[in-house]
Amino acid sequence: MDAILDRWTNLRDGAAWRGATRDVTEPLLHGPPPEEGRDLDPLLQEIAGDIMPLAGRIDHPRFLAFIPSSPTWASVLASFLVNGYNVFQGTWLESGGPSQIEVTVTDWFREWMGYPESGGGLFTSGGSAANLVAIVAAREAAGNPVRGTVYMSEQAHASVGRAARIAGIDPELLRAVPTDDSFRLCPRHLAAAVERDRAGGLEPFCLVANAGTTNTGSIDPLAELSDIARSEGLWYHVDAAYGGFAVLDPATRPLLDGIELSDSVTLDPHKWLFQPYETGCLIARDVSRLASAFRIMPDYLQDAEWGPSHVNFCDRGLQLTRTFRALRVWLSIHRYGLAAHRKEIARAIALARVAEARVRSEEELELLSPQSLGVVCFRYRGDGSVPRGSLDGLNRRIQKQIVNSGFAMMSSTRIRECFSLRFCVLNYRTTQEDLERTLDRIVAAGRRLCADHSDPAGPSRAEPGRRVPERARA
Ligand SMILES: Cc1ncc(COP(=O)(O)O)c(C=O)c1O
């Protein structure tokens with residue numbers, strides 16, 4: 001508890017990222033299992049001093065990479081409690097109280113998504129697992145077609161394609177539908193693809209849309225896509241792992257119109273509901289569809305059969321033994337109130353807007369994809385004298401400098417074939433000043449690199465830092 005408090009208190013002052021290559025970590029941390037135990041104190045010192053610092057500080061206010069995560073204190077406490085109580089959240093028999101809380105919290109989510117009372121779901125390890133559960137449920141609902149095709153956007157998260165592969169769908173039957181100028185799945189292309197496949201004797205059965213892509217934060221035209229899904233008889237899944245909780249912000253809710261028309265939705269509370277890893281969730285419009293795909297009842301579990309109102313969560317997904325994740329959300333929302341969570345989601349969106357405005361106003365920066373939810377993509381382009389062909393290399397080097405300095409953690413992506421810097425703002429600790437100062441450093445790094453090098457393209461890929469950090473605790 002002391003180590004965590006120490007870390008949380010000094011988070012802003014420390015580096016946003018410290019990595020280390022294997023040749024550093026192996027001599028430092030590898031070793032055989034000791035036959036005899038040791039005192040806990042030095043072990044905890046070792047963990048806090050040698051192991052944990054060699055990582056991204058995902059909850060650092062200037063960790064703007066990938067999709068950050070910044071759990072609330074209450075949610076961390078809930079995780080600690082649940083581990084101490086070692087709750088088995090697979091059957092009602094073994095966890096009546098915890099199961100009731102999972103029913104309650106998934107019911108909150110059901111209402112937020114606008115689903116009818118027939119809806120419900122389960123907590124999962126994350127969005128990848130939730131997408132897999134959805135695709136398996138969709139395949140089952142369609143009668144497990146041998147030549148079944150799945151449609152998703154070309155911007156879909158990689159976990160969707162992987163889920164389809166795990167579910168036994170031939171990669172040849174997976175369609176990545178082109179997107180429009182705003183990276184939104186194009187309904188016209190979708191309709192054409194479905195028609196083509198039917199004409200070719202295939203059996204379209206599932207559409208996966210995005211409510212917040214990882215790359216740019218784009219939101220597919222959810223209502224329009226639901227029309228196609230309904231008329232074509234497709235299971236309509238929305239991957240809202242990143243953006244789903246933006247429904248809590250009344251100003252953003254209209255952008256997600258149509259999510260309530262889907263058959264299932266992936267949510268990741270460990271992203272924008274401020275929960276620790278692994279807190280994912282799947283909610284289905286008709287929760288009985290999950291049981292149709294996943295229910296088990298071997299002889300040795302017959303005592304756990306208490307009837308339909310006593311939910312055995314093992315019947316809704318992959319896991320029999322599962323932990324009690326719902327308590328994290330329950331405690332967080334009871335402790336701080338829903339309004340506080342809502343406010344932080346809205347604040348992150350507003351900050352991303354500020355970052356976009358700054359990029360637009362800065363002559364040397366170029367906006368590659370405007371703010372959508374908390375994501376903004378851009379690059380440094382200099383004063384116009386940098387050849388366009390050198391911009392990828394230049395921006396790679398800028399990213400590397402910022403990340404290795406520890407000041408901020410930024411990840412990159414590719415936008416229309418261009419190497420792009422990317423901010424994803426999510427953390428309740430992040431301030432406007434954090435973003436402004438990071439952008440100042442990006443511009444300064446760009447200027448320095450342009451001044452220092454006749455060939456700003458430099459090395460071709462960012463390398464992880466090799467420095468071993470100072471011990472966090474003496
Ligand atoms: C849109 C989207 N879907 C799915 C996932 C996978 O979620 P997880 O990493 O929780 O398995 C992510 C992760 O970033 C995501 O952004």
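This structure is a prediction, so every number in the text was calculated from the model and none was measured.

Trainee: I'd like a description of the nonpolar core, backed by residues and values.
Mentor: Ranked by internal contacts, the top residues of the largest apolar core, which has 87 residues, are F109, W272 and I442. A total of seven residues in this core trace back to one element, the largest contributor, which is helix α13 (residues 338-361). The residues that make up this core include at least three from each of domain 1 (1-30 + 42-57 + 337-474) and domain 2 (76-336). Formed by 32 residues, the second largest nonpolar core is a distinct cluster that contains A138, M152, V160 and L173.

Trainee: Would you mind going over the domain arrangement of the protein chain in detail, with residue names and values included?
Mentor: Split by domain assignment, the protein chain resolves into domain 1 (1-30 + 42-57 + 337-474) and domain 2 (76-336). Once you take the C-alpha centre of each, domain 1 and domain 2 turn out to be 30 Å apart. Contact with domain 1, which involves 27 residues of that partner, is made by 31 residues of domain 2. Taken together, both faces of the contact between domain 1 and domain 2 bury some 2300 Å²; the carbon and sulfur share is 69%. The tally of links between domain 1 and domain 2 comes to zero salt bridges. Joining domain 1 to domain 2, the criterion identifies nine residue pairs in polar contact (both at pLDDT 80 or more). Looking at the side of domain 1 that touches domain 2, the elements that each hand over two or more residues are α13, β8 (365-372), β9 (375-380), β10 (411-415) and β11 (418-424). When residues of the side of domain 1 that touches domain 2 are assigned to their parent elements, the largest contribution, nine residues, is made by α13.

Trainee: Please provide a residue-by-residue account of the layout of surface pockets, values included.
Mentor: Considered as a void within the structure, the second largest pocket measures approximately 370 Å³ in volume. Lining the second largest pocket are 26 residues, and of these I67, H157, T214, Y242 and K271 sit closest to its centre. For the lining of the second largest pocket, the secondary-structure elements that each account for two or more residues are α6 (127-141), α10 (269-272) and β10. Tallied by class, the residues present in the lining of the second largest pocket amount to five nonpolar, 17 polar and four charged. Domain assignment of the residues forming the lining of the second largest pocket places at least three in each of domain 1 (1-30 + 42-57 + 337-474) and domain 2 (76-336).

Trainee: For the pairing of β10, give the residues involved together with the corresponding values.
Mentor: The alternating pattern of β10 places S411, T413 and I415 on a buried face, while none of S412 and R414, on the opposite face, is buried. With five bridges connecting them, β10 and β11 associate as antiparallel partners. Residue pairing in the sheet places R414 in a bridge with F419 of β11. In textbook terms, the turn of a hairpin is the stretch between consecutive antiparallel strands, and for β10 and β11 this stretch comprises two residues, one of which, R416, has a positive phi near 45°.

Trainee: Before we move on, can you summarise the environment of L225 with the specific residues and values?
Mentor: Residue placement: L225 occurs in helix α9 (residues 222-232). Once residues within four sequence positions are removed from consideration, L225 is found in contact with L185, P187, L190, L207, A209, D220 and Y236.

Trainee: Which residues make up the state of the cysteines, and what values do they have?
Mentor: In the structure shown here, the tally under the stated rule is zero disulfides. Not part of a disulfide, C206 finds its nearest cysteine sulfur in C281, a span of 18 Å. Its sulfur unpaired, C424 is 9.5 Å from the next cysteine sulfur, which belongs to C377. Classification of C424 as buried rests on a relative accessible area of 0%.

Trainee: Please set out a nonpolar patch on the surface residue by residue, giving values where relevant.
Mentor: The grouping of L28, L29, L40, L44, I47, I51 and M52 at the surface amounts to a nonpolar patch, some 620 Å² of accessible area in total. Going through the elements one at a time, α2 (22-29) and α3 (40-51) are the ones with two or more residues in the nonpolar patch. In terms of residues, the nonpolar patch owes the most to one element, α3, which gives four residues. Take M52: it is sitting in the loop between α3 and α4 (73-85). Judged by its relative accessible area of 56%, M52 falls in the exposed class.

Trainee: Got a sec to walk through the site of the ligand? Specific residues and values, please.
Mentor: Around the ligand sit 14 residues in total, of which G127, S128, T214, D239 and D268 are the nearest. Here the ligand has 390 Å² of accessible area as a free molecule, and 84% of this is covered by the chains. When atoms are counted within 2 Å of each cavity's grid points, the one that captures over half of the ligand is the second largest pocket. Among the elements of the structure, α6 and α10 are those that each provide at least two residues to the shell around the ligand. Counting residues per element, the shell around the ligand draws most heavily on α6, at three residues. Classifying every residue of the shell around the ligand by side-chain character gives two nonpolar, nine polar and three charged.

Trainee: Account for the packing of aromatic side chains, with residues named and values stated.
Mentor: All chains considered together, the criterion is met by eight aromatic pairs. Between W112 and F245 the ring centres are 6.1 Å apart and the planes differ by 80°, which places this aromatic pair in the edge-to-face class. Placement of W112 in helix α5 (residues 96-113) and of F245 in the loop between β5 (235-240) and β6 (264-267) is noted, with a sequence separation of 133 residues between them. Each member of the aromatic cluster is reached from another via a ring pair, and the members are F109, W112, F123 and F245. Against the face of F407 rests R62, its NZ or CZ located 4.0 Å from the ring centre. Looking at R429, its charged tip hangs above the ring of W8, at a distance of 4.9 Å from the centre.

Trainee: Quick one: what's the story with the sheet that holds β10, residue by residue and with numbers?
Mentor: Taken together, four strands build an open sheet; the order of strands is β8-β9-β11-β10 and the sheet is antiparallel. Every interior strand has two partners, whereas the edge strands, β8 and β10, have only one. Mean inter-strand twist for the sheet, computed between neighbouring axes without regard to direction, equals 35°. Each of β9, β10 and β11 touches helix α14 (residues 391-405); the most contacted strand, β11, lies at about 35° to it. Those strands touched by helix α15 (residues 432-452) are β8, β9 and β11, and its axis lies near 20° from that of β9.

Trainee: Now, about α4: what can you tell me, with residues and values included?
Mentor: Between the first and last C-alpha of α4 there are 18 Å, a value that for 13 residues agrees with the 18 Å anticipated at 1.5 Å per step. Within the span of α4, buried status applies to A74, S75, A78, S79 and V82. Considered in projection along α4, the buried side chains sweep an arc of 145° and stay on one side of the axis. Residues of α4 that are exposed and angled more than 90 degrees away from the buried face: F80, N83 and G84. Where α4 is buried, its residues contact α12 (326-336).

Each value, and the rule that gives it
- Within each chain, residue numbers correspond to sequence positions counted from 1 in written order.
- Residues qualify for local features only when their pLDDT is at least 70, as the model is predicted, and side-chain atom pairs are given and counted only at 80 or more; totals for whole chains, interfaces and linings, by contrast, use all residues.
- In computing side-chain values, all of the structure's heavy atoms are included and hydrogens and water are not.
- Definition of nonpolar core: a set of buried residues of the types Ala, Val, Leu, Ile, Met, Phe, Trp, Tyr and Cys, connected through side-chain atoms within 4.5 Å.
- Exposed residues in this analysis have more than 50% of their type's maximum accessible area, buried residues have under 20%, and partly exposed residues fall in between, with area computed by a 1.4 Å probe over protein chains only.
- By definition, any uninterrupted DSSP run of H or I lasting at least four residues is a helix, any uninterrupted run of E lasting at least two residues is a strand, and each is numbered from the N terminus.
- An automatic or database domain assignment supplies the residue ranges for each domain.
- The contact criterion used throughout is that any non-hydrogen atoms of two residues lie within 4.5 Å.
- Buried area adds together the accessible area that both of two parts lose upon being put together, with accessible area traced by a 1.4 Å probe.
- Each reported salt bridge corresponds to a side-chain nitrogen of Lys or Arg within 4 Å of a carboxyl oxygen of Asp or Glu.
- Any N or O atom pair separated by 3.5 Å or less is treated as a polar contact, with the protein-specific requirement of one donor-capable and one acceptor-capable atom, and with residues adjacent in sequence counted only for side-chain atom pairs.
- Definitions used for this entry: grid spacing 1 Å over protein atoms alone; cavity, a set of points where a 1.4 Å probe fits but cannot get out; pocket, an open set with protein on both sides within 12 Å along at least 5 of 7 lines; lining residue, one with an atom within 4 Å of a point.
- Grid points are joined across faces, edges and corners, and a volume is the space filled by probe spheres set on the points.
- Residues were grouped as follows: Ala, Val, Leu, Ile, Met, Phe, Trp, Tyr, Cys and Pro as nonpolar; Asp, Glu, Lys and Arg as charged; and all remaining residues, including Gly, as polar.
- Paired strands, as defined in this entry, are two strands with at least two bridges between them according to DSSP.
- By disulfide we mean two sulfur atoms from cysteines, separated by a distance within 2.5 Å.
- Here a patch means residues that are over 30% exposed by relative accessible area and free of salt bridges, tied together within 9 Å if like-charged and within 5 Å if nonpolar (Val, Leu, Ile, Met, Phe, Trp, Tyr).
- Per-residue and other accessible areas were derived by the Shrake-Rupley procedure at a 1.4 Å probe size, with only the shown protein chains allowed to occlude residues.
- For this purpose, a residue is taken to be near a molecule or strand whenever a single non-hydrogen atom of the residue falls within 4 Å of it.
- Whether a molecule lies in a cavity or pocket depends on its atoms, and more than half of them have to be within 2 Å of the grid points.
- Paired rings are identified among Phe, Tyr and Trp, the last through its six-membered ring, by centres lying within 6.5 Å, and are further divided according to the angle between planes into stacked (under 30 degrees), edge-to-face (over 60) and tilted (the rest).
- We call a charge positioned above a ring when the Lys NZ or Arg CZ atom is no farther than 6 Å from the ring centre and deviates by at most 35 degrees from the ring normal.
- Orientation is described by axes fitted as lines to C-alpha atoms, over the contacting stretch for helices, and by angles from 0 to 180 degrees between their N-to-C directions.
- Between the first and last residue of a helix there are one fewer steps than residues, each counted as 1.5 Å, and that sum is the expected span.
- The directions from the helix axis to the C-beta atoms form the arc being described.

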